[in-house]
Every structure is written in C-alpha cells, then in structure tokens.
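Listed below, chain by chain, are the residues.
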Amino acid sequence: MATQWTPTSAGSAGSTPEPGLEEQAFLAGGPGRAAEVAVVSLVEAGAVRISREGLVSRVGGPGHGWSPLQAHVLRRLPLPLGDVISATASSAEAQSLGRHLVDRGLVTPTLRRQVARRTRHLLIAAAVGAVIASIALELPFELPFFSVVLAVVGSVVLKRMGRPLTGAGRRVVKRLAKVAVSPNRLALVAYNGLLGRVVRNVHVWQVLGIEPAAVATLRRRRRNSGDGAGGGGCGSCSSSSCSSSSSSGSSDSGGSSCSGGSSCGGGGGGD
Amino acid sequence: MAAVAAATDRRPKATKGRWPVEKLGVGIGWRPEIDLTVERLPGVDFVEVVAENLHVGHLPESVLLLRERGVPVLPHAVSLSLGGAEPVDAQRVAHLGALAEALDAPLVSDHVCFVRAGGLDSGHLMPLPRTRDALDVLVANVKAVQQDLPVPLALENVAALLEWPDGELTEGQFLAELVDRTDCHLLVDVANLYANARNLGTDVTRFLDEIPLERLAYVHVAGGEEHQGVYHDTHAHAVLPEVLDVLAQLRARVDPPGVLLERDDDYPADAELAAELAAIRAVLG
C-alpha cells in the first residue's frame, strides 16, 4: 500500500526515522499539501476514485490501515476534490499532524514564530525611532548608525528564527525534492502539489491522469480561500532555501497555505 | 449505431410504439461517480442516465463524450408517477422528452409505480394495486405521456415489499394488458423479479410466460442483499448468481435487445464492474 511510502533514495536524518509522505508534504506545502497526498495515495491504493467532474468517492468497503488523514478523507466522501482537500486540510487530524511535526522538531512552534516576528517589528521600529530622535535632537552620528546595524542584524536573525520550518524540517524537504520525479507520483504531489509543474507546461495533475474539470475544483477552492498563487507551503519550497534546489519549478498546491503568518500546525487551506 | 439511427428517424407518434427496439447490447448505468469508469470499461454498448439528475442545457462532459463515440444514452425516469391517481406532471414529461432529444435517445423509460399522492412524495417506487381500476389509471397516464414524448416509452417492473390486497391480475397479466392497451415497451428488471419472487413469492416462470417478450426493450440487472430475512434490491451490492439465473431464464425465451447493469452506490473497483458485465455477457451467450 502506498500510504506510508518513504523516499528510500533520500537517505535518513541520522537515527531519526524519515517522516512519512504526508508529513513530508505538510513540511513542503502545509496541511493542504498533506491532504492532497492523502487523497492521491487513496486513489493509488484503489480506495477512492476521482470522476471526470472531480467528485471523489469511495471504492468498495471501508478498508483498514489508513492514516488519520486518509481516514478523514474517507469519512467525508463523496465530495468534490477541492472540497475534500479543503475539509481535510482544516481537519483536527491535519492540526494534529502539524503538532506532531512541531514535537519532532521539524516545524517551528507557532509561539516562537510570533515572538520572533513581533520582536523583529519592534526592533525595526526602535531603529527608526532612534534615527528620527538623533536627527531631531542632533545626537551623535554613532547612535543611529549602530541602531540601524543592530536592527539589520537582529532582523535577519529573527527572520530566520521565525521561519515555518526548522533546519531539520528544511532538510527533509530538500531530500523530498530529490525524489520528486515522475515515477514517484506521490512524491511529486508531496513536493509540488497537484497544481504544481513537473516540467514546463506539464502539471502534476496531468501526470496523475486527473481530468481538467476535476482540477478546476481545486482552482475554485484556491480563489475562494484567497490563497495567492505564490502562497502556500510552510516548507522551504516557498522559501529561499529550497527554491533554488528545485529544478521542477515547484508551485503552490492550491490552498495549502500556512505562510502569511498563520501556523503550520494550524488550519490553512480551508475555504 | 442502429439504435441512434432509429432515434433520428422519428416516426409519427401514433405508430411509433409498434416498432421493434434496435439491438442495444450490454450496458451500464452512467452515474457521476463512475463516469470515467464507464468511459473506460471495455465493451460498453450503451448507457442509461437517471433523467431527473441531468439538465438538458448542461449535460455532463462524460455523457457528451459517450454520445460522440456513438454510444446510445437512454434517459431513465424515476418520478413520472405513472400509476398515480393525480395527473402526470407535464414539466417532468417535457424534461424527459427534451433530454431524449438532446441525447438523441432511441427510447426513454420509467416504472410501473406511483411515487407521490396527496402532495407527498414517497421517495420510493411504490407498487400499484393490480386491479383493473388501477390499470385504467395507469393506461390513461401512459397514453397521455406518450403523446408528449418524441420517442417510445418503456416501462419497468418494480421491486415491492408488499402487495396490495384484492389484486385481480398477476404482475405478468397486468404488464401484458398495459402493453396491449398502450403499445409501450417493457423494461424487465430481473433483479426486481428475483426480489419479488423471494419476498412475495412471485412465480418467475409464470411472469416470463405472461409478458409479451416481443415488446421487450431491454433488461436491468442489479445487486442486492438480504437483511433480516428480506431481500433488498439495493443496487449497492454485487449481482447475485440467482439474479443471473433469472436472466438466463429470460434469455432462454428471447434474445433481449439490451441488458444493462445498474449500480447506484458503494461503487466497486473497475475490475469488479467489468467482471459483472462479463458475467452478463456469459449468460447472454
């Protein structure tokens, strides 16, 4: 069964077992991306089918051995593809997955990110204040100079501290990027998202054989949810550390947003 | 396809019912959940759509694709309530007719039943009392509907969990007289026949002996299951060998123009549906 597929060629992070594919997808694209992997893995396992119009429905009996995200998908069916991914991305199971990744040290805790972001804003505001005050009060040049230098250095450090993924999390995504090639259909989804491109003009959904009308339900969902085309992804694919390593031109999976200030472990992706 | 040619070559309404139905082959009920499956299954000669679920101005891409391939698409209605004491809803008939024309269908169908009365909709295909009074009502409604349909009408026997008291005719006699008085075609559901035999003790052999098989349009085959001693025609389970046995009894009497597999829920894998179609073909020989 393809549900617990792990990229064997990607190596492992020391003695820590490599995260499962849904976890990797979460790191690369947030809860929406993990939901996409859950749905596609069920399709690959023959447990669900996606109709031409995008209706996702169960095939046969209940089955067993599914991951919590997959089980959530199965409980919600039948639903249009975009809706089932939205619902799964905002489910308690997806939030639990996010917390699990925080516990594993792969995702930065929300509180830490918030503190880092606010501290950075305060630092910048203080530096600006110092510059204005030094001009108004005709203070020595050194004070605003060092204030600005401190603000710049501090801002860089705090920005890194506030990134959605930890260093270990970014390394997981980098390893995923190496195996996200056509034969590994689930890895393709995990890394690029269904709406991402495999190569120029070829999208992941096309490789998977999903019909355009079905994909349209994803696009509608993205518009409705207000996710920008470049948004999405708490993983380093949406950050500088991974974009350069991706030769596939990764793109948003459509709604797997956990950037833009929200927590990776939070909801995201919901309409 | 011959069946499509029959549809495009419209006959005067007064005589259309007398024409034999063209060969349809083996088909499957088209449903939105399994649209791609239906498109990809090998050897699907025709499909049936639930008329109430489609909009003439917005037909599913899959259905249009099948039509482009030349696959006949037959509208199957479930809500005309032809056996009801109230006049048949003209809008429902108009929709069925428009759908038949949009799909270039050779015929349309509904059931020998009623689904509403006194402003209430049962949500089920309710059996009719097999009395002459009920038959008169049914005949009048069928004749009225036929006048407004552009293609022949076939009527299907339903599965029932009860029989109304004081019946004057057997089910076969009831259908035979209906055909004789309206020139309608018959859509024989062998799964319903099996269900009635199991639950009500209907004599399958007698039914097949009594109905005018030369008016057979096509046949339905479906699955079901027994629950607390009652067989339910669920359309959500595998086709029982016993249902295929009824099909074999029918086949021994006539080569049906078409046989269609109905599945409406708990859709199995493509391979299972293909196997059920293969089993039907094996019975047909």
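The present account deals with the structure reproduced in this document. From a predicted model like this one, the values you see are computed outputs, not experimental measurements. (Residues numbered from 1 in each chain as written. Chains lettered and ligands numbered in written order. Predicted model: local features only at pLDDT ≥ 70, side-chain atom pairs only at ≥ 80, totals over all residues. Heavy atoms only, no water.)

**Details of the overall build of chain B**
Okay, so step 1: Along chain B, the regular secondary structure elements total 11 helices and 12 strands.
Okay, so step 2: Its C-alpha radius of gyration of 18 Å places chain B within 12% of the 19 Å reference for a compact globule of 285 residues.
Okay, so step 3: C-alpha atoms of chain B, sized along the principal axes, occupy 50 × 45 × 35 Å.
Okay, so step 4: Expressed as a percentage of its 285 residues, the buried residues of chain B come to 55%.
Okay, so step 5: A separation threshold of at least 6 residues defines the contact pool for chain B, and within that pool the share at least 24 residues apart is 79%.
Okay, so step 6: Approximately 11600 Å² of chain B is accessible, and the part contributed by carbon and sulfur atoms is 53%.
Okay, so step 7: Separation of charge centres in chain B, based on 23 positive and 45 negative side chains, amounts to 6 Å. (Helix = DSSP H or I, 4+ residues; strand = E, 2+ residues; numbered from the N terminus. Rg over C-alpha atoms; globule rule 2.2 N^0.38 Å. Buried < 20%, exposed > 50% of the residue type's maximum accessible area, 1.4 Å probe, protein only. Contact = heavy atoms within 4.5 Å. Areas by Shrake-Rupley, 256 points an atom, 1.4 Å probe, with all protein chains shown as cover. Lys, Arg positive; Asp, Glu negative; His and termini not counted. Charge placed at Lys NZ, Arg CZ, Asp CG, Glu CD.)

**Side note on the overall build of chain A**
Okay, so step 1: Within chain A, the regular secondary structure consists of 11 helices and five strands.
Okay, so step 2: Out of the 271 residues belonging to chain A, those deemed buried represent 50%.
Okay, so step 3: In chain A, 69% of the contacts between residues at least 6 apart in sequence involve partners at least 24 apart.
Okay, so step 4: Carbon and sulfur atoms provide 59% of the accessible area of chain A, an area that totals close to 11900 Å².

**Concerning the interface of chain B and chain A**
Okay, so step 1: Each side of the interface is counted separately: chain B has 16 residues, and chain A has 13 residues.
Okay, so step 2: Across the interface of chain B and chain A, roughly 1000 Å² is buried in total on both sides, 45% from carbon and sulfur atoms.
Okay, so step 3: Of all residues in chain B, the largest losses of buried area upon contact with chain A belong to E33, L36 and E61 of chain B, amounting jointly to 45% of the total for that side.
Okay, so step 4: Put simply, chain B and chain A have three salt bridges between them.
Okay, so step 5: Measuring nitrogen to oxygen at the nearest pair gives 2.5 Å for the salt bridge that ties E39 of chain B to R52 of chain A.
Okay, so step 6: At the junction of chain B with chain A, the criterion picks out eight residue pairs in polar contact (both at pLDDT 80 or more).
Okay, so step 7: Contributing elements (two or more residues each) for the side of chain B that touches chain A: α3 (35–40) and α4 (61–68) of chain B.
Okay, so step 8: Counting residues per element, the side of chain B that touches chain A draws most heavily on α3 of chain B, which supplies five residues.
Okay, so step 9: Here the residues of the side of chain B that touches chain A sort into eight nonpolar, two polar and six charged. (Buried area = accessible area lost by both parts, 1.4 Å probe. Salt bridge = Lys/Arg side-chain N within 4 Å of Asp/Glu carboxyl O. Polar contact = N/O pair within 3.5 Å; in protein donor to acceptor, adjacent residues only side chain to side chain. Nonpolar A, V, L, I, M, F, W, Y, C, P; charged D, E, K, R; others polar.)

**Focus: helix α8 (residues 185–192) of chain A**
Residues and elements named next belong to chain A.
Okay, so step 1: Most of α8 is tucked away, with seven of its eight residues classed as buried.
Okay, so step 2: Among all positions of α8, only L186, A187, L188, V189, A190, Y191 and N192 are buried.
Okay, so step 3: Positive backbone phi, approximately 80 degrees, marks G193, located one or two places after α8.

**Side note on the packing of helix α2 (residues 68–76) of chain A against helix α3 (residues 81–89) of chain A**
All names here are of chain A.
Okay, so step 1: It is at 10 Å that the axes of α2 and α3 come closest, and there the two elements cross at 130 degrees. For the element pair α2 / α3, the angle class is oblique. Considering how the two elements wind past one another, α2 and α3 form a crossing that is right-handed. Each of L69, H72, V73 and R76 in α2 lies in contact with α3, whose residues at this interface are V84, A87 and T88.
Okay, so step 2: Looking at side-chain class alone, the contact of α2 with α3 contains four nonpolar, two polar and one charged residues. (Axes fitted to C-alpha atoms, helices over the stretch in contact; angles between N-to-C directions. Parallel < 35°, antiparallel > 145°, perpendicular 65-115°, else oblique. Left-handed = near helix turned anticlockwise from the far one by under 90°.)

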